[in-house]
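Here is how the chains run, residue by residue.
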Amino acid sequence: MTEVPVIHGMGSAVKRKEDVRFIQGRDTYVDDISLPGMVYLDFVRSPYAHARIRSISTERAKGAPGVVAVITGKDLQPLGLDWIPTLSGDKMMVLPTEKVVFQMQEVVGVVAESRYAAADAVKLVEVDYEPLPVVTDPKKALEEGSPIVREDKRTNHVFHWEAGDREATDRLFEQADVVVGQDMYYQRIHVSYMEPCGCVAYYDSVKGTPTIWMTTQAPHVVRTVASLITKIPENKIRIISPDIGGGFGGKVYVYPGSIVAAVASIVTGRPVKWVNDRSDDHPSTAFARDFHMRAELAAKRDGTLLAFRVKAVSDHGAFFGDANPSKFPFGLFSICTGSYDLKAAFVEVDGAYTNKPQGGIAYRCSFRVTEAVYAIERLVDIMAHRLGIDPAELRLKNFIPPEKFPYRSVMGWVYDSGNYAGALRKAMEKIGYEELRREQEEKRKRGELMGIGISSFTEIVGAGPSHTFDILGIKMFGSAEIRIHPTGKVIARFGTRSQGQGHETTYAQIIAEELGIPIEDITVEEGDTDTAPYGLGTYASRSTPTAGAAAAVASRKIREKAKKIAAHLLEAREEDVVWERGRFYVKGAPAKYKTIQEVAFAAYTNHPPGMEAGLEAVHYYDPPNMTFPFGSYICVVDIDRGTGEAKVRRFVAVDDCGNIINPLIVDGQIHGGLTMGFGTAFMEEIGYDQDGNIYGANFMDYTIPTAVETPKWETDKTVTPSPHHPLGAKGVGESATVGSPAAFVNAVVDALWPLGVTHIDMPLYPWKIRRLLEEKGYALDK
Amino acid sequence: MFVIPDRFSYTVAHSVEEAVELLHTLEDSKVLAGGQSLIPFMKLGYASPKSLVDINRIPNLDYLDDSGESLKIGALTRISRLCDSELVAKDYPLIHDAALQIADPLVRNLGTFGGNVCHADMGDDLPAVCLAMNAEMVASGPSGQRVLAAKDFFVDRFTTLLASDELLTEVRIPKNRRGCGGAYLKLERRVGDYAIVGVAAQLEVDGDGVCRSVGIGLTSASTKPIKASEAESWLVGKSLSDEVLDKASTLAMNTSNPLSDIRGPAEYKKAMVKVLTHRALKLAYKRARGGL
Amino acid sequence: MKFEGSYQFPKSSSEVYSYISDLRRVSECIPDLKSLEIKSEDEALATVRAGIGFIRGDFNLRFNVTQRSPHTNLGYAVHGSGLGSGVDISITVQLEDLSTGGSTLSWVADTKVVGRVASMAQGMISSQAEKIIKQFFECLSQRLR
């Protein structure tokens, strides 16, 4: 017997293949790309949030040393590129010709021989603005007489969207014994990826081919849209997404920089690099959340939850650019019945334009699921407190029971699988829930404030089935193309784009599992539209559910062919050939086998007569349903009655994402997501004053957590496989960001509930808590 | 757009005299020490000095010397040196507390004591320490050396008593004796951030625990670093009971006049001056009683 | 941000009006003035070096007289930019004769500062803007005594 090689298939906690180059700094980000003759693009940005442009004088800038081009909106107009379509059917200004609509908007592009020359020349462009009244509050934007952000629309109202059954919901509310309601604001935040946005654009005028290396999560979509707008044949456009330093939804968008760089390359005939620095990027690129909601929950006195309704206003900034599937202008917010077996629900959302950059990033979230989970998990907690029932008990009483899966929610989603009580019980046991409640009781008697918060979330990821999900008409399938070389080594290409998720490892593990080839022998490539199969990219935790499934199915196609070749080699009938990971043997004679590598060699050297040579497969996977990862998080906080600081003492996270491909990567995803959720809950916020000045425009003002503040995460899991996914996997990238904010807020409110506090909007700044303590006469001055 | 400052000239000074001469002759000049505030301000476009005078190569400005009447700290002494110094940790807990809470290790490796003091932002930590410890600032200018009291040094936000052609060379801290103790408490949004509010307290108590002298400096409690003088004078001669500390911290709060900003509303910051003053005095007292 | 103030003068409102409606004389009271160009009787261009400590930069400002109602009202508008920020100040001045002789000047300044500096330090900008505007009126009042 030969030794079975270690292949690191499903479930192996192998270290990430790509980390070797990341750790050594041998990676290639957009800013690492340097082409001969390259010039640099920088922008004049607007200090005004809303102003008419009286005039732009570029003469001094054009005459400055090293300047090769200055590009204004008027220059883009004849090309039809002063505005471009967004993914939501709206359009977005590239450079303004009439007026600016948010602070830090790109106004004029300056291209020069060096970054320094460009930056110096930017200061020489003179723009005369006539300030206009500003609106930064979406509720005010929807009022009569508010300043109009988009004159082409003549209204600030973007859309009205409803889901669920209004009448049935209202009826249940009328009949309910208890109704709780809460106004909540999910604040505007930035995804704060490590690598700001940028591109290198090069138009080869001989071949007529534009090539753009850019920070994008969805290169193929960019190529198709670019071709449709510019009429440049799609085969001539090449979009390359090299190594990406985090995306979290923020790099689904195409920003003015890429358009202007491409035009500048055509104008100058030279490669043009544009890379935002942090202080450019943070205030001008797209934002997440910014969502004002009124949520209400109805229940019987015994704690049976009946119905849920939400009325909300969402702020989309100056352009409606959400990267939502076409049929879902407000994403998948209708997952808001969460983990509970409700009888009815209804949500309505109005979108508003304001003088802010476009919003609506599904920040590490499958299209507004974060807001939905926050709403239901906050309201369930409020209901529990109102009824005097322990929040854990109320959840356990109302969870969708395991036997009801697949479960059709009142909103029409079919949840694939779940065991919600299992996850919550495990989390309770791990944290010592009963003991903590006892401790809390004693502390309360001593005047000490301690809180315990639970969030039992259900996610909806893996967009998505072609009958429901498309972006600009393109179905949201996942794609994989796998080719086995004669020596049994593999190249596999995907229509997704890793931004740090570890695809090079997990996809390799899937193929390893299916074909028995060690992951070291599998090269995974993504991000180059000239080589990768068409795909809609990576966001919304969709890569494993779609492209991961495609990898499995394509591998199985290869295995089918390999089996025929093996039968030929083993001189056996195909039905007598048995597959065991890594090799085929003849039934009843395991010693007589051919390894997959031997079969691969034969595919090119000794394939059966009549069979095509080669060993490869392509698969475009159309998921039959979404997947529904879930989990229960429990957080314990202690509150300083003097300073108002809430310190997270413990945080237990039990996640269930179905079958796990790489536990190390899953753990990493959860740790990262929890930290982002912690930042959201405690310190992150982009604010605006009435003049449209942004607060939190750089990392000096906008705080994201460091390792010092970040609590120690205690993670665990349950495993409830997805019944419809080829690997039983569900996707995990976003669970923690989606699920954790409610746990933090619930914990802090739980601590303060006896004082009469029902809610605090995030971020849970110490000053907000202190103010409440003062109001309730509970603040200490020492 | 923001990583690149406006054009400026850069000159290296090799002696204090040369630095002063350069500051005197160069147009719109600014001293470059650790550069941990100046450089970010320049790249963000907040400041655009026409000339920088780099003092990092002036010898013998980086020292901690307690051989004489006072602890002498050279203006170029890096913050990290204060963090690592056994002398500071043991004898000057107030300085040690504050140094450890300034920004992050990378900034502390380059940032200097003199730079932090001369930047004189309301959110810098060492000005409050100097105020609490009644430090003396030694400056060299074209007409020679002068010694300025910390309480007079901080004129306004980003503005000190130093003339544009004067260089701070040394800060002198009264030596800690038996019965002395100090503490710096800093409330921050996140580690490394500027203070929401910071309180520096330095105490000397006699054998009965009666306050002989006290200094209280406040960070982010006004548009500039300030001294809580009323609280100081009220404390002298008293035993530090909880009631006494309450009154002192109320007086400190009344001295403060913070701005509302992203770090919190003014009323919160005022309340925090009170809370932190109480806690800082208590910790300083504990350290003072613990002996040196 | 709105700031306001008022002064009393021994001079009559018409004397005060004739002084403060003369852009050339008014310009002399602009604090930290680096250069000045009078374009017309209603418009002047000024460069001002403003700031606090070493946070300082040149602001290019256009001054316009926006309203002239002899003896009673005067309006100025200031518009410009500096330190990556936009500045817009609209000032209305009201004059009234006192029964006891002399007159009162009341002013209201509506100030907007937008952009990089405003985003950096809310509180600092308003206090600084107030200081500068008050300096301007203080200077005018000195000259009118």
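Notes on the structure in this doc start here.

Rules and cut-offs
Residues numbered from 1 in each chain as written. Chains lettered and ligands numbered in written order. Predicted model: local features only at pLDDT ≥ 70, side-chain atom pairs only at ≥ 80, totals over all residues. Heavy atoms only, no water. Disulfide = S-S within 2.5 Å. Helix = DSSP H or I, 4+ residues; strand = E, 2+ residues; numbered from the N terminus. Buried < 20%, exposed > 50% of the residue type's maximum accessible area, 1.4 Å probe, protein only. Contact = heavy atoms within 4.5 Å. Buried area = accessible area lost by both parts, 1.4 Å probe. Salt bridge = Lys/Arg side-chain N within 4 Å of Asp/Glu carboxyl O. Polar contact = N/O pair within 3.5 Å; in protein donor to acceptor, adjacent residues only side chain to side chain. Nonpolar A, V, L, I, M, F, W, Y, C, P; charged D, E, K, R; others polar. Arc of directions from axis to C-beta. Pairing = 2+ DSSP bridges. Phe/Tyr/Trp six-rings, centres within 6.5 Å; stacked < 30°, edge-to-face > 60°. Lys NZ or Arg CZ within 6 Å of the ring centre and 35° of its normal. Axes fitted to C-alpha atoms, helices over the stretch in contact; angles between N-to-C directions.

1. Concerning the state of the cysteines
- Overall, the coordinates contain one disulfide over all chains when judged by the stated rule.
- The residue that forms a disulfide with Cys-29 of chain C is Cys-139 of chain C, at a sulfur-sulfur distance of 1.9 Å. The disulfide joining Cys-29 of chain C to Cys-139 of chain C has a torsion of about -70° about its S-S bond and is therefore left-handed. Residue Cys-29 of chain C is found in the loop between helix 2 (23-27) and strand 2 (33-40), and its partner Cys-139 of chain C is found in helix 4 (residues 122-144); the two are separated by 110 residues along the sequence.
- Note on Cys-29 of chain C: relative accessible area 3%, which makes it buried.
- No disulfide involves Cys-211 of chain B; its sulfur sits 10 Å from the nearest other cysteine sulfur, which is in Cys-180 of chain B.

2. Remarks on the interface of chain B and chain A
- Tallying the contact residues gives 29 residues for chain B and 37 residues for chain A.
- Across the chain B/chain A interface, buried area totals approximately 2,800 Å², and carbon plus sulfur atoms make up 59% of it.
- Counting across the interface, chain B meets chain A through seven salt bridges.
- Across the contact surface, chain B and chain A share 13 residue pairs in polar contact (both at pLDDT 80 or more).
- Sorting the residues of the side of chain B that touches chain A by element identifies helix 11 (242-255) and helix 12 (266-289) of chain B as the ones contributing at least two each.
- At nine residues, the largest contribution of residues to the side of chain B that touches chain A is made by helix 12 of chain B.
- For the side of chain B that touches chain A, the residue count by class is 16 nonpolar, two polar and 11 charged.

3. Some remarks on helix 16 (residues 596-605) of chain A
Residue and element names in this part refer to chain A.
- Listed in full, the buried residues belonging to helix 16 are Ile-596, Val-599, Ala-600, Ala-602 and Ala-603. With its buried residues spanning 160° around the axis, helix 16 presents them on a single face.
- Packing partners of the buried residues in helix 16 comprise strand 23 (478-484), helix 14 (503-515), helix 15 (543-570), strand 26 (577-580), strand 27 (583-586) and strand 28 (589-595).

4. Topic: the pairing of strand 20 (residues 449-458) of chain A
All names here are of chain A.
- A large share of strand 20 lies buried, amounting to 10 of its 10 residues.
- Note: strand 20 against strand 30 (residues 630-639), 10 bridges, orientation antiparallel. Looking across to strand 30, one finds that Ser-456 is bridged to Ser-632.

5. Considering the pattern of salt bridges
- Enumeration over the complete set of coordinates arrives at 93 salt bridges over all chains.
- With a closest N to O distance of 2.8 Å, Asp-381 of chain A and Arg-395 of chain A form a salt bridge. Here Asp-381 of chain A, found in helix 10 (residues 369-387), pairs with Arg-395 of chain A, found in helix 11 (residues 391-398); they are 14 residues apart in sequence, far enough to count as distant.
- Between Lys-269 of chain B and Asp-261 of chain B there is a salt bridge whose closest N-O contact spans 2.8 Å. Judged on exposure class, the residue Lys-269 of chain B and its partner Asp-261 of chain B are both buried.
- Taken together, the shared-partner salt bridges connect Asp-90, Lys-91, Arg-150, Asp-152 and Lys-153 of chain A into one network.

6. So, the interface of chain B and chain C
- Listed per partner, the contact involves 19 residues of chain B and 14 residues of chain C.
- Summed over both sides, the interface between chain B and chain C buries roughly 1,500 Å², with carbon and sulfur atoms accounting for 63% of that surface.
- Contact with chain C buries area across many residues of chain B, yet Tyr-46, Arg-157 and Phe-158 of chain B alone supply 40% of it, more than any other trio.
- Counting across the chain B and chain C interface gives two salt bridges.
- With a shortest N-O distance of 3.6 Å, Asp-156 of chain B and Lys-131 of chain C are connected by a salt bridge.

7. Notes on the environment of Ile-133 of chain C
Residues and elements named next belong to chain C.
- By the secondary structure assignment, Ile-133 is in helix 4.
- Look at Ile-133 and you get buried, because its relative accessible area is 5%.
- In sequence terms Ile-133 and Ile-89 are 44 residues apart; their C-alpha atoms lie 9.4 Å from each other.
- Contact partners of Ile-133, with chain neighbours within four places excluded, come to Phe-3, Ile-89, Trp-107, Ala-109 and Thr-111.

8. Focus: the packing of aromatic side chains
- Per the counting criterion, the structure on display carries 46 aromatic pairs over all chains.
- Between the aromatic rings of Trp-161 of chain A and Phe-330 of chain A, the centroid separation amounts to 6.2 Å while the plane-to-plane angle is 40°, which identifies the pairing as tilted. With a gap of 169 residues between them, Trp-161 of chain A in strand 9 (residues 157-164) and Phe-330 of chain A in the loop between strand 16 (305-315) and strand 17 (344-352) connect regions that are remote in the sequence.
- Of the residues examined, Phe-330 of chain A reaches a relative accessible area of 0% and is grouped as buried.
- Judged by centre distance (5.9 Å) and plane angle (70°), the ring pair of Phe-399 of chain A and Tyr-420 of chain A falls under edge-to-face. Residue Phe-399 of chain A is found in the loop between helix 11 and strand 18 (407-408), and its partner Tyr-420 of chain A is found in helix 12 (residues 420-431); the two are separated by 21 residues along the sequence. As far as burial versus exposure is concerned, Phe-399 of chain A and Tyr-420 of chain A are alike and both buried.
- Counting every residue linked through ring pairs, the aromatic cluster contains Tyr-340, Phe-399, Phe-405, Tyr-407, Tyr-415, Tyr-420, Phe-628 and Phe-630 of chain A.
- Against the face of Tyr-353 of chain A rests Arg-150 of chain A, its NZ or CZ located 5.0 Å from the ring centre.
- Note that Lys-238 of chain B overlies the ring of Trp-234 of chain B, its terminal NZ or CZ placed 4.2 Å from the centroid.

9. A word on the sheet that holds strand 2 (residues 29-32) of chain B
Residue and element names in this part refer to chain B.
- Taking strand neighbours across the sheet as the criterion, the three strands line up as 1-3-2 in an open arrangement whose pairing is parallel. Both edges of this open sheet fall to strand 1 (9-12) and strand 2, since each of them pairs with a single strand only. Across the sheet, the mean angle separating the axes of adjacent strands is 25° when strand polarity is ignored.
- Summarising the sheet, strand 2 and strand 3 (residues 51-54) pair through four bridges and their orientation is parallel. Along strand 3, the bridge assignment pairs Ser-29 with Ser-51.

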